[in-house]
Amino acid sequence: MQMGGGSRETWGSKVGFILAAAGSAIGLGNIWRFPYVLGESGGFAFLMIYIACVILIGMPIMGAEMVIGRGSGRNPVGAFRVLLPGSPWWLAGAIGVITGVLILAYYTVVAGWTLAYLYESITGLVNTFNTPEAAQHAFDDFVVNSGKVVFFHFLFALLCILVVSQGVKGGIERWSKVLMPTLFLLLLLLIGRSLTLPGAGEGMKFLFEPDFSKISGEVVLVAMGQAFYSLSLGMGVMITYGSYLDKKSDLFGSTATVATLDMSIAILAGIAIFPAVFAMGLEPASGAGLTYVALPLVFSKLPFGAVLSSIFFLLLTIAALTSAISLLEVMVSFATDELKWVRSRATIIMAALAFLLGVPVALSFGVWSDVKVFGLNFFDLYDYLTANILLPLGGILIALFAGWAWRKGVKEEMLQGTKMGRLYGVWIWAIRIFAPLAVGIILVTNLIG
Ligand code: PHE
């Protein structure tokens, strides 16, 4: 809406900001990706490493993003320009904005699947997915049905436009304040059902029984990547959301709260899903299909399955929506700050861009399944480029900028409004040395592996 520091929109309340930032972090990454990655990587051991990554790498980088955002009061590109004028650091922000467009493009496709499954749950169709083969077929048939996939992809993009065009306070914050508590309640409901199934204990054991023989270099890498993705780090979401903060807010405290909420929801999603998966005698390591194949099968075998399934896919849609709007907001803040577009125009054009870039992804399971770039279909290409290369790269640049390049002002900005100032010494070395080094290792190992 407005450019210039003074007249920039701000969050209406502290809770509003926390819920919006947590809403960005909590998404398909927690409820769809985390359980299947954990299932494939051996359960508890993965969980422990994941938590360590969130605390040691994720939290320091999130703090760095928020301090850059609040210190500059700008979108990711403008932020680096304001804090270090005349330097090429704005390119780090530009990489972030481009990464955001690409993530949003394929995120809305998967969110569209979720919306379609919500629709099929409400109509009771998922009740017919009652054998492993039927559930798998239903999923395979759906993803090749390009018309339907693109339709739901479009519908989801419209939802994002609806929220973001209403602005930071009136759109993102207002919706997050309704959607996040709803998500939490729905999740508790599912956990209640899942834990009371006969045989649920096996699932809990899988999640919480230590088995450190499963730890390998690869598991560490996967856990780090998941932490990055799940916390929405490395592309400027937290810079953008931080830019709408006032100086009284506590950046250390906000980081700790958002990261804790994000971790908790991932673990709760695991508690909702694994007891049910084990109770039905299914494989925990069944991959990306865990959500769209195993769960409908589980629901079809339960009384009120269609209701439970509707609750679950509504939950997933909500989680996806509050994340997707944060991706869109990065692009919109860029367009309003730098290109001086009005918000409504920026929202529509940017969402349309992401939608169009998402179409090849939507088609990559159907009519375009043979189209390959570097040997990958569009879905894998976008996913690989963003999660494995661009986010870690962005994270390193953000940490190095806050730690080394932005000399004057970072300490004052970080300490304003916080009672946890003693953490500063730990934080600054975490972003100067530890985080860039650790993330650098993931990046290089991914590239050569
Ligand atoms: N954190 C979101 C999730 O877990 C995904 C996301 C990544 C959102 C990067 C914004 C930026 O689903």
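Scope of this entry: the structure provided in the associated data block. Note that the coordinates shown come from a computational prediction; the quantities given were computed from them, not determined experimentally. Residue indices begin from 1 for each chain and proceed along its sequence in written order. Local features in this predicted model are restricted to residues of pLDDT 70 or higher, and side-chain atom pairs are both shown and tallied only at a pLDDT of 80 or more, whereas totals for entire chains, interfaces and linings draw on every residue. As a convention, hydrogens and water are excluded, and side-chain values are obtained from all of the structure's heavy atoms.

Comments concerning the pattern of salt bridges
Each salt bridge in this description consists of a side-chain nitrogen of Lys or Arg and a carboxyl oxygen of Asp or Glu lying within 4 Å of one another. By the definition in use, this model includes seven salt bridges. Note that Glu202 is salt-bridged to Lys205, the shortest N-O span being 3.6 Å. Of this pair, Glu202 and Lys205 both sit in helix H9 (residues 200–208), three residues apart, roughly one helical turn. Categorising residues by exposure relies on relative accessible area from a 1.4 Å probe, with only protein chains included: less than 20% of the type maximum marks a residue as buried, more than 50% marks it as exposed, and the intermediate range marks it as partly exposed. For Glu202, a relative accessible area of 42% corresponds to the partly exposed category. Salt-bridge contacts for Arg343 lead to Glu329; the nearest nitrogen and oxygen are separated by 2.9 Å. With Arg343 in helix H15 (residues 343–363) and Glu329 in helix H14 (residues 305–338), the pair connects residues that are 14 residues apart, well separated along the chain. Both residues of the pair, Arg343 and Glu329, belong to the buried class. Each member of the salt-bridge network shares a partner with another, and the members are Arg70, Lys247 and Glu413. Helix and strand definitions here come from DSSP, where helices need a minimum of 4 consecutive H or I residues and strands a minimum of 2 consecutive E residues; each element is numbered from the N-terminal end.

Focus: the site of the ligand
One heavy atom within 4 Å of a molecule or strand is enough for the residue carrying it to be called near that molecule or strand. Looking at the ligand, there are 15 residues lining it, with Ala25, Gly29, Tyr107, Tyr229 and Ser232 nearest. Identification of polar contacts relies on pairs of N or O atoms within 3.5 Å, with a donor-acceptor requirement for protein atoms, meaning one able to donate a hydrogen and the other able to accept it, and with residues adjacent in sequence counted only if both atoms are side-chain atoms. Asn30 places a side-chain nitrogen or oxygen 3.4 Å from an oxygen atom of the ligand. The protein chains shown are the only cover counted for residues, whose accessible areas, like all others here, come from Shrake-Rupley with a 1.4 Å probe. For the ligand, whose unbound accessible area comes to 320 Å², protein coverage reaches 100%. Contributing elements (two or more residues each) for the shell around the ligand: helix H1 (14–25), helix H2 (28–40), helix H5 (90–122), helix H10 (217–230) and H14. Three classes are used, and their members are as follows: Ala, Val, Leu, Ile, Met, Phe, Trp, Tyr, Cys and Pro are nonpolar, Asp, Glu, Lys and Arg are charged, and the others, Gly among them, are polar. When the residues that make up the shell around the ligand are grouped by side-chain class, the tally is eight nonpolar, seven polar and no charged.

A look at the environment of Leu207
Examined against the element boundaries, Leu207 turns out to sit in helix H9. Take Leu207: its relative accessible area is 1%, and that puts it in the buried class. Each C-alpha atom of the pair Leu207 and Leu321 lies 27 Å from the other, and the pair is 114 residues apart in sequence. Throughout, a residue-residue contact means that at least one pair of heavy atoms, one from each residue, lies within 4.5 Å. If near-sequence neighbours (up to four positions away) are discounted, Leu207 is found in contact with Leu38, Phe44, Leu47, Gly270, Ile271 and Phe274.

Some details on the environment of Ala116
Along the chain, Ala116 falls in helix H5. Sequence-wise, Ala116 and Leu155 are 39 residues apart; in three dimensions their C-alpha atoms are separated by 9.8 Å. When residues no more than four places from it in sequence are discounted, the contact partners of Ala116 are Phe142 and Phe152.

Observations concerning the nonpolar core
Most often, soluble globular proteins have nonpolar side chains that are buried together. Grouped together as the largest cluster of nonpolar side chains are 169 residues, with contacts concentrated most on Trp11, Ile68, Trp113, Tyr292, Phe312, Leu328 and Trp427. Per element, the largest residue contribution to this core is 19 residues, and it comes from H14. Here Trp113 is in contact with Phe139, Phe142, Val143, Val149, Tyr292 and Phe365, once residues within four sequence places are set aside. Among buried residues, those of type Ala, Val, Leu, Ile, Met, Phe, Trp, Tyr and Cys that are joined through side-chain atoms within 4.5 Å constitute a nonpolar core.

Brief notes about the layout of surface pockets
Roughly 560 Å³ of internal volume is contained in the largest pocket. Every element with two or more residues in the lining of the largest pocket is listed here: H2, H5, H10, helix H16 (378–405) and helix H18 (424–448). The element best represented in the lining of the largest pocket is H16, accounting for eight residues. Looking at the lining of the largest pocket residue by residue, the class counts come to 17 nonpolar, seven polar and five charged. Residues are called lining when one of their atoms sits within 4 Å of a cavity or pocket point, these points coming from a 1 Å grid over the protein atoms alone, where a cavity is a set in which a 1.4 Å probe fits but cannot get out and a pocket is an open set with protein on both sides within 12 Å along at least five of seven lines. Around the second largest pocket, the lining is made up of 15 residues, and of these Ile55, Met59, Pro60, Leu423 and Trp427 lie nearest the centre. Listing elements by their share of the lining of the second largest pocket, those giving two or more residues are helix H3 (44–72), helix H12 (251–279) and H18. With five residues, H3 is the single largest residue contributor to the lining of the second largest pocket. Here the lining of the second largest pocket is composed, by residue class, of 13 nonpolar, two polar and no charged. Grid points are joined across faces, edges and corners, and a volume is the space filled by probe spheres set on the points.

By themselves, these observations are geometric and do not establish any function.
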